[in-house]
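# Observations on the model geometry
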Amino acid sequence: MSSNPTPQKSTGLHVGQAAPGCKKVDPILTVDNVKKTFGGLTAVDVEHLEIPRGAITALIGPNGAGKTTLFNLLTGFDTPDTGTWDFQGTSLAGVPSFKVAQMGQVRTFQLTKALSLLTVLENMKLGAKGQKGESLLNALMPSIWKKQDDAIGEKAMELLKRFKLDAKKDDFAASLSGGQRKLLEMARALMTDPVLVMLDEPMAGVNPALTQSLLEHVLGLKEQGMTVLFVEHDMHMVRHIADWVVVMAEGRVVAEGSPDTVMKEQAVIDAYLGAHQDTDLGVVTGRIKIVSEGDAK
Amino acid sequence: MNWEAIINNTAAGLLTPTTLAFALAALGLAMHFGFAGLLNFGIAGYMAIGAYGYAIAVLTFGLPWWAGMLVGMVGSVLFSLLLGIPTLRLRGDYLAIVTIAAAEILRLLFLTTAFEDITGSADGLFGYNSRPDGSGFANSNPFPPGDYGFGPWTYNAETIWVILFGLIVLAVCTFLLWALMRSPWGRVIKGIREDEDAIRALGKNVFNYKMQALIIGGLFGSLGGMVLAAYSNVSPGVYVTSLTFFVWTALLLGGAATIFGPVVGSIIFWVMQAFLTNILPELANAGILPVSSQQASTLRFVLVGIGLMLLVIYRPQGIFGDKRELTFVK
Ligand SMILES: Nc1ncnc2c1ncn2[C@@H]1O[C@H](COP(=O)(O)OP(=O)(O)O)[C@@H](O)[C@H]1O
Ligand SMILES: [Mg+2]
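Notes on the structure in this doc start here. None of these values were measured; they are calculated from a predicted model.

## Topic: the site of ligand 1
All names here are of chain A. For ligand 1, the full set of nearby residues is Phe 38, Leu 41, Ala 43, Asn 63, Gly 64, Ala 65, Gly 66, Lys 67, Thr 68 and Thr 69. Within the side chain of Thr 68, an N or O atom sits 2.7 Å from an oxygen atom of ligand 1. Between ligand 1 and Thr 69, the relevant distance is 2.5 Å, taken from an oxygen atom to a side-chain nitrogen or oxygen of the residue. Expressed as a share of its isolated accessible area of 570 Å², the protein-covered part of ligand 1 is 60%. Per-element accounting of the shell around ligand 1 gives the leading share, three residues, to helix 1 (residues 67-74).

Put into structure tokens, the structure is as follows:
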């Protein structure tokens, strides 16, 4: 924890001026005119948005900005009123959530969904794709799935070790702390070998000691070639790990840019601060100090 | 009081065709509710489909008994599809409402005089077990006439045949449930019980899994109805909503998310029933209970209700269940 090197940032992700809806060099996810209203309230109204491949993108914005709703729309857990969006060139409009996940776009939930009355290891094994024993007929013949299941178990244990949950493998997930459940949900999502990981407030409720290791895990995902899109309120963390930041307010994308520049934009300051315009954003949103004075500037 | 008769009759409740039929139905509910989290309040409907499907196939279409039973099973699969397709995408409570209503509709369809030629209306169906052409269930009885067993568990040849058949079906179904629930398929099913959105987010087709669980549990229920039908007549008065709740009681007694709980729960339920049926009128006659002996025999249903309440409050996981694995309060 004491040594906290600044991670290698990916740069040169966008084309032209960094502005809401700007083009990316290599977008993995492209959103067009996605709009969702609840009664009279417009929760999401995104004209154009591209998420860069192989980078960590932070989606920030005040409470009620529509971040979770956008996640739900993009992953098929909710349907928009209008709009199209595609993932690696395949249109996802009308594709059910489980198929979206099968295609490699996997999400976690703001309200953690640990499968309480399954063990930690069972939770993990559920994440693995293409399991032979998950089809009804094969299920009756362990000779078909036993070997694969053991291999999945080994992979799960490796991940659990990385997330420091290996000692808990036989405990019910219900017995974990809130932070450990967040970790478990993230580890379980990784069992699917995702291409794009979408984390909805992965650090919320995680104690500071664990936050550091969670951040390292997120950085590790990028090193392994995954693309990460995550929602986070703490600006220090965003500045620390994100390569690109998308700011939402009242359903719209109001700013985009690299973490250092975007927070100085007037639209972002307005969205977050209202009156307290001369305060540093990191001080307002930060819960803990995890970056050295140097890179917080 | 005649204690010998009371004890004898109580012990006999341990193994009867009815106990076996209940165990099968409770096993179906364990699949539905205990493992998949599907609230099925129409298990009596599944039993009715099994019983009527079998009897009608034999009486109206002249099929041999085993083919008639296959018809009953196909009927239960169709019933599951009918119930599941519109409801399994919705929240869990919708299935509960739809199953309880569907089971009632079904019973009324069997009861109405409109289809009397086929369903027998209020008289029900009989004469399908023993066929003049020798294709009936009773015609295939391998036991020569005589008495079998010992003590309270003495049966005639007809009954022992039903019991043997019921035991085989129950053993096969129990094995199937066990084999399924220890597999990765069972893991997905239990995951759905916990949180179906989490399972969707992992790329599993939740609707398909729920439908499969509904069909399998429904098949167990329909087989329970067939065991009942193989023993006695098919009567619409049996497949009422209270039957559903008795099966639920048996399930919760043993433990909903267990393999042997439903079987043991059914045995306890029927042993208790036999005991109360015998002792309550005796107590009334002896003047210990201040009611008539007729009132006394209905008192047992009151006691079942109280027992169910106590169970849900104090031991929701049942006798065999792990307290942590199944409680009603989530
Ligand atoms: N299911 C829903 N029904 C009605 N309003 C909703 C629903 N989900 C979200 N909202 C509203 O949409 C807006 C955006 O919510 P949300 O996406 O959860 O914001 P965020 O995650 O950015 O805090 C909020 O005003 C919220 O009240
Ligand atoms: Mg949110």
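## Things to note about the coordination of the magnesium ion (ligand 2)
All names here are of chain A. Protein-derived ligands of the magnesium ion (ligand 2) are Thr 68 (OG1) and Gln 110 (OE1), with the metal-ligand distances lying across 2.0 to 2.1 Å. Of this pair, Thr 68 sits in helix 1 while Gln 110 is found in the loop between strand 6 (105-107) and helix 3 (120-127), placing the two residues 42 residues apart along the sequence. Taking the relative accessible area as the measure of exposure, Gln 110 reaches 33% and is therefore partly exposed.

## Focus on the interface of chain B and chain A
Interface size is commonly expressed as the accessible area that is lost once the parts come together. Listed by partner, the interface residues are 31 residues for chain B and 32 residues for chain A. Here chain B meets chain A over a buried area of about 2,700 Å², counting both sides, of which 67% is carbon and sulfur. Put simply, chain B and chain A have three salt bridges between them. The closest approach of N and O atoms between Lys 113 of chain A and Asp 195 of chain B, which form a salt bridge, is 3.3 Å. Our count for the contact surface shared by chain B and chain A stands at ten residue pairs in polar contact (both at pLDDT 80 or more). Looking at the side of chain B that touches chain A, the elements with two or more residues in it are helix 7 (157-181), helix 8 (184-194), helix 9 (196-201) and helix 10 (206-231) of chain B. The element contributing the most residues to the side of chain B that touches chain A is helix 8 of chain B, with eight residues. In the side of chain B that touches chain A, the residues fall into 13 nonpolar, five polar and 13 charged.

Criteria and thresholds
For every chain, the first residue of its written sequence is number 1, and the numbers climb from 1 along that sequence. Going through the entries in the order they are written, you letter the chains from A and number the ligands from 1. Local features in this predicted model are restricted to residues whose pLDDT is 70 or higher, and side-chain atom pairs enter the listing and the counts only when it is 80 or higher, whereas totals over whole chains, interfaces and linings include all residues. Hydrogens and water are ignored here; the side-chain numbers use all heavy atoms of the structure. A single heavy atom is enough: if one lies within 4 Å of a molecule or strand, its residue is considered near that molecule or strand. Pairs of N or O atoms are called polar contacts if they sit within 3.5 Å, as long as, within protein, a hydrogen donor faces a hydrogen acceptor (for residues adjacent in sequence, only side-chain-to-side-chain pairs). To measure how exposed things are, a 1.4 Å probe is used in the Shrake-Rupley method; for residues, cover is taken only from the protein chains shown. A helix here means a DSSP run of H or I that spans at least four residues, while a strand means a run of E at least two residues long, and both kinds are numbered starting from the N terminus. In this description, a donor is an N, O or S atom within 2.8 Å of the metal centre, a cutoff extended to 3.2 Å for sodium, potassium and calcium. Water is not part of the atom list, which can make sites seem incomplete. For the exposure calls, accessible area comes from a 1.4 Å probe over protein chains only, and a residue counts as buried if that area is under 20% of its type's maximum, exposed if over 50%, partly exposed in between. Contacts were defined at the residue level, with two residues in contact if any of their heavy atoms lie within 4.5 Å. Here the quantity called buried area is the total loss of accessible area, with a 1.4 Å probe, experienced by two parts when brought into contact, counted for both. A carboxyl oxygen of Asp or Glu within 4 Å of a side-chain nitrogen of Lys or Arg is what we treat as a salt bridge. Gly is placed with the polar residues, together with every amino acid not listed as nonpolar (Ala, Val, Leu, Ile, Met, Phe, Trp, Tyr, Cys and Pro) or charged (Asp, Glu, Lys and Arg).

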